[in-house]
Amino acid sequence: MDTILRTDNLCKFYGEGENEVRAIDNTNITIRKGEFVAIVGKSGSGKSTLLHMLGGLDIPTSGRVFIGDKDIFSLKEEEMAVFRRRKIGFIFQAFNLVSSLNVWENIVLPAGLDEKQVDEEFVNDILNTLQLENKIKNLPNTLSGGQQQRVAIARAIASKPDIILADEPTGNLDSKTGDEVISLLKMSAKKYGQTLVVITHNEEIAQMADRMIVIEDGKVVA
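Keep in mind the model is a prediction, meaning the values are calculated, not measured. (Residues numbered from 1 in each chain as written. Predicted model: local features only at pLDDT ≥ 70, side-chain atom pairs only at ≥ 80, totals over all residues. Heavy atoms only, no water.)

(A) Looking closely at the pairing of strand β1 (residues 3-14). In this structure, β1 lies alongside strand β3 (residues 30-32), joined through three bridges in antiparallel fashion. Within β3, the position partnered with L5 by the bridge is I31. Looking at chain direction, β1 and strand β5 (residues 62-67) are connected through five bridges and run antiparallel. Counted as the bridge partner of T7 is V65 from β5. Where β1 lies against strand β2 (residues 21-27), four bridges are found, and the strand directions are antiparallel. (Pairing = 2+ DSSP bridges. Helix = DSSP H or I, 4+ residues; strand = E, 2+ residues; numbered from the N terminus.)

(B) Seen up close, the packing of aromatic side chains. In the structure shown here, the tally under the stated rule is two aromatic pairs. Between F90 and F92, the aromatic rings sit 5.8 Å apart at their centres with planes inclined by 5°, giving stacked as the arrangement. For R6, the ring lying beneath its charged end belongs to F66, and the centroid distance is 4.1 Å. The ring of F122 is capped by K160, whose NZ or CZ atom sits 4.7 Å from the centre of that ring. (Phe/Tyr/Trp six-rings, centres within 6.5 Å; stacked < 30°, edge-to-face > 60°. Lys NZ or Arg CZ within 6 Å of the ring centre and 35° of its normal.)

(C) A look at the pairing of strand β4 (residues 36-40). Counting buried positions over the five residues of β4 gives five, a clear majority of the element. Pairing of β4 with strand β9 (residues 195-200) involves five bridges; the strand directions are parallel. Looking across to β9, one finds that F36 is bridged to L196. Pairing analysis gives four bridges linking β4 to strand β10 (residues 211-216), with the strands arranged parallel. Considered in β10, the bridge of V37 is made with R211. (Buried < 20%, exposed > 50% of the residue type's maximum accessible area, 1.4 Å probe, protein only.)

Following this line, the structure appears as structure tokens:
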């Protein structure tokens, strides 16, 4: 299987001298195309910092991140924004939906920003897969937490990115809804041939992954 995402001695340090915090400390990971990888660790272990750097949202102190054969931090800011929109789908714990847009508009927003033609058949297929087909006219505040998270998943998948990065995607959900959301996310990623990287401290969710990466104090320990 091809490597789609890898890091090369990735570091993120804050502060100086005795106050220096090594959030990510010489981390090397490799993720293959189509894999579902869970990154686990206690609160403060550095896993969210790692995810943000994998997605180009945070700049490392040193080291590199490759998506395919592209060193993403060699890109200029504008190029990076376009690259992220096309290659990476993000799912956050807080959903990050636009409150004034309905479900359909939220899902197709990244394609619109990229001035790409919306693949309506594909989006409708995602809506059916995630059981949102009857909610397309709804505004986010009329949906339950689980439904809002499914909209966030649909938005991440709809622009056909190579990689989906999810940061505690079930953190705001009860355990039953959380399990459903992860099952749907896993099924969708498989169905659409996407690589899935999920940050979680939930052991059950981590067990659903193909592979687990354990982080402690900014280092990969397992």
